[in-house]
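Observations on chain architecture
Okay, here's what each chain looks like letter by letter:
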Amino acid sequence: AFVVEQRLQCNACGRRSARFEHERILRLVLLAVKVTRPRSLYDLYMMSCVPVQADAEKGAFTCCGSAERSVAQRRLATMPRVLLVQVSRDAPSGSSGEVLRHPVYVDASLGWLGLPSMSLVGVVSQHVYRVDSGRYSCACRGVDGAFWYYDKRQRPVRLVDIAAPFAKNVVLLSLCC
């Protein structure tokens, strides 16, 4: 597990507070906006750290009784030895249930400013066009350091490039120190 810090600030009176929560999976949302290049995990993480208007579900303040909403910001406070990262590809509510196909760049190592570097050990892909259907496959780092692609349709295949086969299908990554 790791710790996520959530900072809150009341828009009406300016009062600030911080909350710390234990999490097991880092959930990163792929936004339904036009992209000109593949997003990296760092891009998705930084987008998750942008301050947002908090409502009652996101832990909004009720300090001064004002109807004005507060601002919430989240960030990783600690890193685990093993990190699971979920990439949410759900289309916006009210859409036809299609999965967002924006590419996410998968790198073999992860080094975010202020946090320890981690190595990619596995990637899970969801091959679908709708949220409620499809199949899964994965790639895992073998004892030889290379990545192997596993799909029930074929025998395991050694991958030359981990990023290429998963860019538009990645839904879960496993990283370790």
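Our subject is the structure listed above.
Below, the structure is looked at part by part. (Residues numbered from 1 in each chain as written. Predicted model: local features only at pLDDT ≥ 70, side-chain atom pairs only at ≥ 80, totals over all residues. Heavy atoms only, no water.)

Before going further, it helps to spend a moment on the pairing of strand β14 (residues 170-176). Side-chain direction in a regular strand flips from residue to residue, so the side chains alternate between the two faces of the sheet. The element β14 is largely enclosed, with a buried count of five among its seven residues. Pairing geometry for strand β7 (residues 82-88) and β14, over five bridges, is antiparallel. Each bridged residue has a counterpart across the sheet, and for L83 the counterpart in β14 is L175. In this sheet, β14 lies alongside strand β10 (residues 118-127) in antiparallel orientation, the contact comprising six bridges. Note that in β14 the partner of G122 across the bridge is S174. (Buried < 20%, exposed > 50% of the residue type's maximum accessible area, 1.4 Å probe, protein only. Helix = DSSP H or I, 4+ residues; strand = E, 2+ residues; numbered from the N terminus. Pairing = 2+ DSSP bridges.)

The buried fraction of strand β1 (residues 2-9) amounts to six of the eight residues, a majority that puts the element mostly inside the structure. Examined bridge by bridge, β1 and strand β2 (residues 16-23) share eight bridges and lie antiparallel to one another. Its bridge partner lying in β2, Q9 is registered against R16.

Our focus in this paragraph is the packing of aromatic side chains. Under the criterion given, the structure shown has two aromatic pairs. Relative to W112, the ring of Y42 has its centre 6.5 Å away and its plane inclined at 55°; by these criteria the two rings are tilted. A residue pair is termed long-range when its members are at least 10 positions apart, and Y42 in helix α1 (residues 41-48) and W112 in the loop between β9 (109-110) and β10 qualify at 70 residues. Under the relative-accessibility criterion, W112 is labelled buried at 5%. Ring geometry for Y45 and W112: centres 4.5 Å apart, planes at 10°, overall stacked. You can see Y45 sitting in helix α1 and its partner W112 sitting in the loop between β9 and β10, a full 67 residues away along the chain. For the pair Y45 and W112, one class covers both residues: buried. A connected cluster of aromatic rings, assembled from ring pairs, spans Y42, Y45 and W112. (Phe/Tyr/Trp six-rings, centres within 6.5 Å; stacked < 30°, edge-to-face > 60°.)

Let us now look at the nonpolar core. Inside soluble globular proteins, nonpolar side chains tend to come together where they are buried. Grouped together as the largest cluster of nonpolar side chains are 32 residues, with contacts concentrated most on L26, L41, L76, I162, F166 and L173. Mapped by element, the contributors of at least two residues to this core are β1, β3 (25-29), α1, β7, β10, β12 (147-151) and β14. In contact with I162, other than residues within four places in its own chain, are V106, A108, L120, V123, A139 and F147. (Core = buried A, V, L, I, M, F, W, Y, C linked by side-chain atoms within 4.5 Å. Contact = heavy atoms within 4.5 Å.)

Moving on to the side chain of S125. By secondary structure assignment, the location of S125 is in strand β10. For S125, a relative accessible area of 0% translates into the label buried. The residues contacting S125, other than those within four sequence positions of it, are R135, Y136, S137, F166, N169, V170 and V171.

Its place among the elements puts S48 in helix α1. Overall, the relative accessible area of 31% leaves S48 in the partly exposed class. With 27 residues separating them in the primary sequence, S48 and R75 have C-alpha atoms 7.9 Å apart. Those residues in contact with S48 that lie beyond four places of it in its chain are L28 and R74. A polar side-chain atom of S48 sits 2.6 Å from the main-chain carbonyl oxygen of Y45. (Polar contact = N/O pair within 3.5 Å; in protein donor to acceptor, adjacent residues only side chain to side chain.)

This part covers the sheet that holds strand β5 (residues 52-54). Spatially, the four strands line up as an open sheet ordered β2-β1-β6-β5, and their pairing is antiparallel. At either margin of the open sheet sits one strand with a lone partner, and together these are β2 and β5. Along the sheet, successive strands turn relative to each other by an average axial angle of 35°, direction set aside. (Axes fitted to C-alpha atoms, helices over the stretch in contact; angles between N-to-C directions.)

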